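# Reading the structure
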Amino acid sequence: MQLMEKQKAKYTYGILERQFALIFDRATRAKGISGENLLKFIEARLDNVVYRMGLSPSRAGARQLVSHRHITVNDKVVNIPSYTLKPGDRIAVREKSKSLETIVNSVAGRTSKYPWIDFNATSLSGTFINMPDREQIPENIREQLIVELYSK
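As a starting point, this report considers the structure included with it.

The rules behind these values
- Residues numbered from 1 in each chain as written.
- Predicted model: local features only at pLDDT ≥ 70, side-chain atom pairs only at ≥ 80, totals over all residues.
- Heavy atoms only, no water.
- Axes fitted to C-alpha atoms, helices over the stretch in contact; angles between N-to-C directions.
- Helix = DSSP H or I, 4+ residues; strand = E, 2+ residues; numbered from the N terminus.
- Parallel < 35°, antiparallel > 145°, perpendicular 65-115°, else oblique.
- Contact = heavy atoms within 4.5 Å.
- Nonpolar A, V, L, I, M, F, W, Y, C, P; charged D, E, K, R; others polar.
- Buried < 20%, exposed > 50% of the residue type's maximum accessible area, 1.4 Å probe, protein only.
- Arc of directions from axis to C-beta.
- Polar contact = N/O pair within 3.5 Å; in protein donor to acceptor, adjacent residues only side chain to side chain.
- Left-handed = near helix turned anticlockwise from the far one by under 90°.
- Salt bridge = Lys/Arg side-chain N within 4 Å of Asp/Glu carboxyl O.
- Phe/Tyr/Trp six-rings, centres within 6.5 Å; stacked < 30°, edge-to-face > 60°.
- Lys NZ or Arg CZ within 6 Å of the ring centre and 35° of its normal.

## Brief notes about the packing of helix H2 (residues 34–43) against helix H6 (residues 143–150)
A pair of packed helices is captured by two measures, namely the crossing angle of their axes and the spacing between those axes. Where H2 meets H6, the axes come as close as 8 Å, and the angle between the chain directions of the two elements is 100°. By the angle between their axes, H2 is roughly perpendicular relative to H6. Where H2 abuts H6, its residues Ser 34, Gly 35, Glu 36, Leu 38 and Leu 39 lie against Glu 143, Ile 146 and Val 147. Of the residues belonging to the contact of H2 with H6, the class tally is four nonpolar, two polar and two charged.

## Some points on helix H5 (residues 101–108)
Taken together, the buried positions of H5 are occupied by Ile 103, Ser 106 and Val 107. Along the axis of H5, the buried positions cluster into a sector of 95°, meaning they face one direction only. Relative to its buried face, H5 has exposed residues pointing more than 90 degrees away, namely Glu 101 and Ala 108. Residues of H5 that are buried in the fold lie against helix H4 (59–67), strand E3 (90–93) and strand E4 (117–120).

## Some thoughts on the side chain of Arg 52
Of note, Arg 52 is situated in helix H3 (residues 46–53). Among the polar contacts listed, one links the side chain of Arg 52 to the side chain of Tyr 114, at a separation of 3.2 Å. For Arg 52, the contacting residues outside a window of four places in its chain are Glu 43, Arg 59, Arg 110, Tyr 114, Trp 116, Ile 117, Ile 137, Pro 138 and Glu 139.

## Here we look at the packing of H3 against H4
Relative orientation of the contacting elements H3 and H4 amounts to 115°, with a least axis distance of 8 Å. Note that H3 runs across H4; the crossing there is right-handed. Seen from H3, the contacting residues are Leu 46, Asp 47, Asn 48, Val 50, Tyr 51 and Arg 52; seen from H4, they are Arg 59, Ala 62, Arg 63, Leu 65 and Val 66. Each residue belonging to the contact of H3 with H4 can be placed in one class, and the counts come to six nonpolar, one polar and four charged.

## Describing the pattern of salt bridges
Two side chains bearing opposite charge may form a pair once their charged atoms approach each other closely. If you walk through the whole model with that rule in mind, you get nine salt bridges. Of the charged contacts in the structure, one is a salt bridge between Glu 43 and Arg 52, with a shortest N-O distance of 2.7 Å. When sorted by exposure, Glu 43 lands in the same class as Arg 52, which is buried.

## Observations concerning the packing of aromatic side chains
With the rule as written, the count across this model stands at one aromatic pair. Each ring, one from Tyr 114 and one from Trp 116, has its centre 5.1 Å from the other, and the planes form 45°; the classification is tilted. Lying across the ring of Phe 41, Arg 26 places its NZ or CZ 4.0 Å from the centre.

## A look at H2
Burial analysis of H2 places seven of its ten residues in the buried class, the great majority of the element. Those residues of H2 not exposed but buried are Ser 34, Gly 35, Asn 37, Leu 38, Leu 39, Phe 41 and Glu 43.

Next up, the structure:
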């Protein structure tokens, strides 16, 4: 049983690592500072925006909400957590998922507001306004170290 869990963890890690490498590649090809671009692209992922909107108490939970088809983008169901949002995209909870206990509890405890996301708690929907500036991202991340590591 324990071996099976290790294989599953290795498989999941491999997928996430590949997704990160693709985002890093995009960030280095884009104009501007690679580290800041990397953070912007990560913030534009659907699972991250669902987390930032307060629809889930954790990023893993947000990823699961997206995977289980509870989230729509521009009125179409999207079940790909790594889906990259564009400015102006409208994110919402599906009508039949609005009563899920995890979503209701998470929205009730929501405290943070981010300037690049416009969120309406009554309709459980929001808009990805624009890519955030580095100063707007609250995490204390030294992105230059990540760039140095992945550039090798």
